[in-house]
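The chain contents come next:
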Amino acid sequence: MKNKKKLIIIGFAIIFIVIGVVLVINNNYNKNMKKTLEKVNSLALKGATKNELSKIFKTDDLESDYLLTGPDCYMRLKPSDEKIKENSLSSYVKEQDKLSKTVEKNIEENFYTLISDTTRKENNATVYSGVVRTFYQLEYLQDLKAIQSSIINEYKENNELNEEIDNYKAKIVAMKILDKKLDTYKNKDEYSGFNIYVYEDDTKTGSSFVSYMNMLQGINYHNEYVNKLEDTREERIKEYIEEAKNNNIISKDNLLKI
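Colleague: Outline the overall build of the protein, listing residues and values.
Modeller: Across its full length, the protein holds 9 helices and 3 strands. Listing every helix and strand of the protein by position from the N terminus yields α-α-α-α-β-β-α-α-β-α-α-α. A total of 258 residues make up the protein; the buried ones form 42% of that total. When contacts within the protein are restricted to residue pairs at least 6 apart in sequence, those whose partners lie at least 24 apart make up 73%. By element, 49% of the accessible surface of the protein is carried by carbon and sulfur atoms, the whole surface being about 15,100 Å².

Okay, here's the thing in structure tokens:
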């Protein structure tokens, strides 16, 4: 009987030890994921290159539009050094850097994220959840491209177009116009939930982190304010351009001049 009791006690002890080990392992995984997420957030906000982020995500599936800041993000893309020199674009590059820094400052100041201490299992993945608040960067990018396109379309009515160079100039002009409108894209109190799925397959995990990068740009926001920005885009863009012309932010005689 005594031996039986001893076996029962030993059995319970083993169970508790196993549970303790599992809890410690899960706790370590959570801590490691938090560190990884903090690293991703830091790189995303501090100008990481596409290559730096690709190494963490173990994927090459990163577009410039997915990046918040840094030399590979859409607003900082520019022609080659040779073309910059050939087309006397140094003033545009200088203006681009100044305007990009202002946008990046707004992105960083508007950023907040919190990851939960608990996880769950779903479809062979460990799911880490949290909440995030970000600058409405997706709306900014869509407005930027809409203004850029509108300016190019108006410019080419009376001018021969150098596709790459003039599109670059139009982007900088568009950024100059939106520099006066950045408050439009500030997110005061709208939070969005996120999930990061960690698989044994690094490629699947990388895809989940790419989706997370999209969330940091505000792709999950579908509130009344964002819907209004979407619905009024065409009208707002026309107003922004006309206002910029009337206030001499851009030249009526040469739309691509800064």
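The rest of the description comes next.
Colleague: Hey, could you go over the confidence of the model for the protein for me, with residue numbers and the actual values?
Modeller: Across the protein, the average pLDDT comes to 86, with 88% of residues at or above 70. This model gives residues 7-29 a pLDDT under 50, and the stretch forms 1 contact once residues within four places in sequence are excluded.

Colleague: Give me the lowdown on the environment of Arg76, citing residues and values where you can.
Modeller: Mapped onto the secondary structure, Arg76 falls in the loop between helix H2 (50-57) and helix H3 (81-86). Note: C-alpha distance between Arg76 and Lys101 (25 residues apart in sequence) is 9.7 Å. Residues in contact with Arg76, not counting those within four places in the same chain, are Gly70, Pro71, Gln96, Asp97, Ser100, Lys101, Glu104 and Lys171. A polar side-chain atom of Arg76 sits 2.9 Å from a polar atom in the side chain of Glu104.

Colleague: Break down the sheet that holds strand S2 (residues 125-133) for me, citing the residues and quoting the values.
Modeller: The 3 strands lie next to each other as S1-S2-S3, forming an open sheet whose pairing is antiparallel. In this open sheet, the two strands that pair with only one neighbour each are strand S1 (112-122) and strand S3 (192-198). Between one strand and the next, the sheet's axes are offset by a mean angle of 25°, whatever the strand orientation. Two strands pair when backbone bridges link them, and S2 and S3 are joined in this way by 7 bridges, in the antiparallel orientation. Its bridge partner lying in S3, Val127 is registered against Tyr197.

Colleague: Got a sec to walk through the pattern of salt bridges? Specific residues and values, please.
Modeller: One pass over the full model with this rule turns up 17 salt bridges. One salt bridge in this structure joins Arg76 and Asp97, with 2.9 Å as the shortest N-O distance. Here Asp97 lies in helix H4 (residues 90-109) and Arg76 lies in the loop between H2 and H3, a separation of 21 residues in the sequence. Asp97 gets classed as partly exposed once you look at its relative accessible area, which sits at 30%. The salt bridge involving Glu139 is made with Arg233; its shortest N-O contact spans 2.6 Å. Residue Glu139 is found in helix H5 (residues 137-155), and its partner Arg233 is found in helix H9 (residues 233-246); the two are separated by 94 residues along the sequence. Judged by its relative accessible area of 3%, Glu139 falls in the buried class. Connected through salt bridges with shared partners, the residues Glu139, Asp143, Glu230, Arg233 and Arg236 form a single ionic network.

Thresholds, definitions, all that
- Residues numbered from 1 in each chain as written.
- Predicted model: local features only at pLDDT ≥ 70, side-chain atom pairs only at ≥ 80, totals over all residues.
- Heavy atoms only, no water.
- Helix = DSSP H or I, 4+ residues; strand = E, 2+ residues; numbered from the N terminus.
- Buried < 20%, exposed > 50% of the residue type's maximum accessible area, 1.4 Å probe, protein only.
- Contact = heavy atoms within 4.5 Å.
- Areas by Shrake-Rupley, 256 points an atom, 1.4 Å probe, with all protein chains shown as cover.
- pLDDT = per-residue confidence, 0-100.
- Polar contact = N/O pair within 3.5 Å; in protein donor to acceptor, adjacent residues only side chain to side chain.
- Pairing = 2+ DSSP bridges.
- Axes fitted to C-alpha atoms, helices over the stretch in contact; angles between N-to-C directions.
- Salt bridge = Lys/Arg side-chain N within 4 Å of Asp/Glu carboxyl O.

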